[in-house]
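Spelled out from the first residue to the last, the chains are:
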Amino acid sequence: MIRNGRGVYVTVGLLALTLGLVTIRYAPPKAIPIDAPANRFSAARAFEVLRTLVGDNTPHPTGTGANAVVRLRVVSELRKLGYQPHIQEAFACNPHGTCGYVKNVVAMARGTTSARAVLLAVHYDSVGAGPGASDDAVGVAAVLEVARALKNSPPLKRDVIFLIDDGEEQGLLGAEAFCARHPWARRVGSVVNLEARGTTGPSLMFETNRRNATIIGTVARALPRPATNSIYYTIYQLLPNDTDFSVFKRYGLNGVNFAFVGGAARYHTPRDDLAHVDRRSLQHHGDNALALVRAFASDTSEDRAKGDATYFDFLTLTVLWWPASWTPILAIAGALLVLSAVFTMVRRSRLTIGGILHGLGSFLLVIIITGACAWTLHAAIAATKASGVEWLPHSWVLRAAFWMLPFAVSSAVMLLFRNRTAAEMWSGVWITWSVIAIGTGFVLPGTAYPFVIPTLLAGAFAVVARNTNDGAVPAWAAQTAVALSAGVLILPVAWMLYDGMGLGILPAVSILVLLVFSCVLPSMTGEGRGAALGMALVGGLLTVVAAIIAAVLPSYSVDHPRPLSFIFYERVDQKRAQWLTGSSSGALPAAMRSQFLPRPIQPYPWSKDVRLFSAPARQVWLDPHVAVIASVERHGEEENIALDLRPARPGSTLGIYMPAERLTGASVEGVEIPLKPESEEGGERWRRLSVADAPAAGIGITLRIHGLDPVPVFTWELDYGIPASGNFLKKLRPVDSAPIHAGDRSMVVSPLVIE
């Protein structure tokens, strides 16, 4: 067992080097130049294609003229490479009632066998607020460069289908149309999907499918620089987020999903432009796609996996994995090794039952105090920032504060435990680790590996020390080996969590860093108290300095803008039009406050929780859409209502809102919609049905309603952009603010009562 603190500084120094290695290894690889071999992926070549696709930085949502321009550019690039692309035009709806007319670009690289094909998928549409250079034009450029590399390589065994789909931002409509209606969809065996939720960072394999053991085995063999683990996959399944890969999985297809998530503050804003594309991220994306397409398409055997995998990359060098069913067993094995060592220490009178309880209590107190301090630090920094801000400029200083805090707090708390022995602290630390390993191993096995492996190592070293001549395994060497294993497994996850989830996750990051540092805590007893004092002073000073800098830095910058969109909102029945806006901070920039009423209002009848600032839009009107009840059929207590909606501006989005409790069924343009409530606002559920890129002839919606009482319905038409009379608002928008998601838009609403 550990007797003194001689290894504390060595271990902490090595952990610092490990963190440095993590930041280097998890940076995207260097972009390969344009003169790279023809069978390799070159980010320089792909970037030139990207420049052709979105060089003018024009947003290109589904149904817009700019969308058609980008689509034609994609088709042209494929033809230059010798492919014969075709356009799939289809009407599609997702399970939430969002529909639209989409135009997918599809092409194929023929294989040498009739085995099931590999699908390489991206989307080419953008949101209304920004040009989508990274989301997902980088993916499109990567697919085109992969297609070029395959043309300059020997044919693969399987066909490779290139799907560059439309309508992803509208609700995954292009993927829905391909899976439901394209004849090639039935031939797909494996999928590689490329996405982005930012503009920089490594290309993370963050999602796969259930029963993924065979796929993870392929990933482990194929990826040249893998950045992945089952923690990302497990967490993602708990979030409400979706990509096209969600559709592929729903249709029973297996595969992998890649995305980079750095620079998330630019996501779905005008800053997602060509200037902010990280060519290294493009290189990593392309390397991953090309390697996996080749791996999937070279293997004609069927996927016969019988279970899930627990998996993780080792410093992006390789992927290690085992069947997820082994994880609880390994966790129990680690706990038994730890308990065996504790039992031996008790039997040899180096530890008492009371000492075990003291060690457990001391370490739990360290965790509680560190968590409380991290939460307080988060609250203090958040109080200095605009409400709702998640990603701050100069995030390195924010990270530094929350990474140094656990070193400072845990070292300071250790100074209070004057009478604790190394054996007591060791037992407290590793019994706690054992509990965490077993708990996660049974409940969320994909998240357990960073706790299971260090516990196994700590228990094994303790057993070896027990069975040798009390020193054959040097205490500091064992401590360092265990701490480094924890660091290699936990620090990459802790580093990436802020990029993926923002400011709110940083207290949890502090706890993860504490767990790594806890491997050193037993050395901070006895002769190691001096090290504890030094770590507390240095760590505390660095934490305070970093926290102060983070607090005084601005919440927004030109490159990390405040989300601020304008809405022209017209109520036909009230003969009233308004300008609406809102900010994630809950307050408007000073330059804009005089233009809007001081208190926000609830403008939408179907959404009582949305509050926006308003201003009258005098002498501004848009032509209203036409909404007609085409027919009513009564069957006892139920009515079938057919609505015809015709846009005032073809290519816009048309839709309705109505109370969900009266609705028993619905179809849009003949497509049946599953009844999953769109929202629940203030206790009242509303169903939203909509169609993007509505044709001039209009759309038909059929509603099946229970009961004969009148039903309120709100029909609406949504267009990108606002009338020219709103240009004065754009001029008032500060340079550190930008529209987001759908961007500046116009909405005309008309009530319709179904009786």
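Scroll up to find the structure this text is about.
Residues numbered from 1 in each chain as written. Predicted model: local features only at pLDDT ≥ 70, side-chain atom pairs only at ≥ 80, totals over all residues. Heavy atoms only, no water.

(A) Molecular detail of a nonpolar patch on the surface. A surface patch of nonpolar side chains, amounting to about 700 Å² of accessible area, comprises L238, I332, L336, L339, F442, V443 and L444. Mapped onto the nonpolar patch, the elements with two or more residues apiece are α11 (326–347) and α14 (422–443). Ranked by the residues each element gives to the nonpolar patch, the list is headed by α11, at three residues. We classify L444 as partly exposed; its relative accessible area is 34%. (Patch = residues over 30% accessible without salt bridge, like charges linked within 9 Å, V, L, I, M, F, W, Y side chains within 5 Å. Areas by Shrake-Rupley, 256 points an atom, 1.4 Å probe, with all protein chains shown as cover. Salt bridge = Lys/Arg side-chain N within 4 Å of Asp/Glu carboxyl O. Helix = DSSP H or I, 4+ residues; strand = E, 2+ residues; numbered from the N terminus. Buried < 20%, exposed > 50% of the residue type's maximum accessible area, 1.4 Å probe, protein only.)

(B) Fine view of the packing of helix α8 (residues 230–238) against helix α16 (residues 475–501). Packing of α8 against α16 brings their axes to within 11 Å, and their N-to-C directions diverge by 35 degrees. The crossing of α8 and α16 is right-handed. Contact residues: I231, Y232 and I235 in α8; P492, V493, M496, L497 and M501 in α16. Class assignment of the residues belonging to the contact of α8 with α16 gives a composition of eight nonpolar, no polar and no charged. (Axes fitted to C-alpha atoms, helices over the stretch in contact; angles between N-to-C directions. Left-handed = near helix turned anticlockwise from the far one by under 90°. Contact = heavy atoms within 4.5 Å. Nonpolar A, V, L, I, M, F, W, Y, C, P; charged D, E, K, R; others polar.)

(C) Quick peek at the sheet that holds strand β14 (residues 638–646). Here five strands make up an open sheet; going across it, the order is β13-β14-β20-β16-β17 and the pairing antiparallel. Lying at the two open borders of the sheet, with one neighbouring strand each, are β13 (626–635) and β17 (671–672). Two elements, strand β16 (residues 663–668) and β17, share two bridges in a ladder whose sense is antiparallel. Considered in β17, the bridge of V668 is made with V671. (Pairing = 2+ DSSP bridges.)

(D) Examining the environment of A309 more closely. With respect to the helices and strands, the residue A309 is situated in strand β8 (residues 309–314). Taking the C-alpha atoms as reference points, A309 and P710, separated by 401 residues in sequence, lie 54 Å from one another. Setting aside chain neighbours within four positions, we find A309 in contact with N212, A213, I216, S230, W321, W322, P323 and A324.

(E) A look at the pattern of salt bridges. Across all of its chains, the model carries 18 salt bridges by this definition. Linking R51 and E48 is a salt bridge whose minimum nitrogen-to-oxygen distance equals 3.3 Å. Remark: E48 and R51 occur in helix α2 (residues 43–54); sequence separation between them is three residues, near one turn of the helix. By relative accessible area, which is 38% here, R51 ends up partly exposed. Across the salt bridge formed by R399 and D499, the nearest N and O atoms sit 3.0 Å from each other. In this pair, R399 is assigned in helix α13 (residues 395–414) and D499 in helix α16, connecting sequence segments 100 residues apart. R399 sits in the buried class, given a relative accessible area of 8%.

(F) Local environment of the pairing of strand β4 (residues 160–165). Counting buried positions over the six residues of β4 gives six, a clear majority of the element. Residues V160, F162 and I164 of β4 are buried on one face, and the alternating residues I161, L163 and D165, pointing to the opposite face, are buried as well. With five bridges connecting them, strand β2 (residues 98–109) and β4 associate as antiparallel partners. Paired with A107 across the bridge in β4 is F162. Sheet topology places strand β3 (residues 117–123) next to β4; six bridges connect them, and they run parallel. Looking at the pairing, L119 lines up with I161 of β4.

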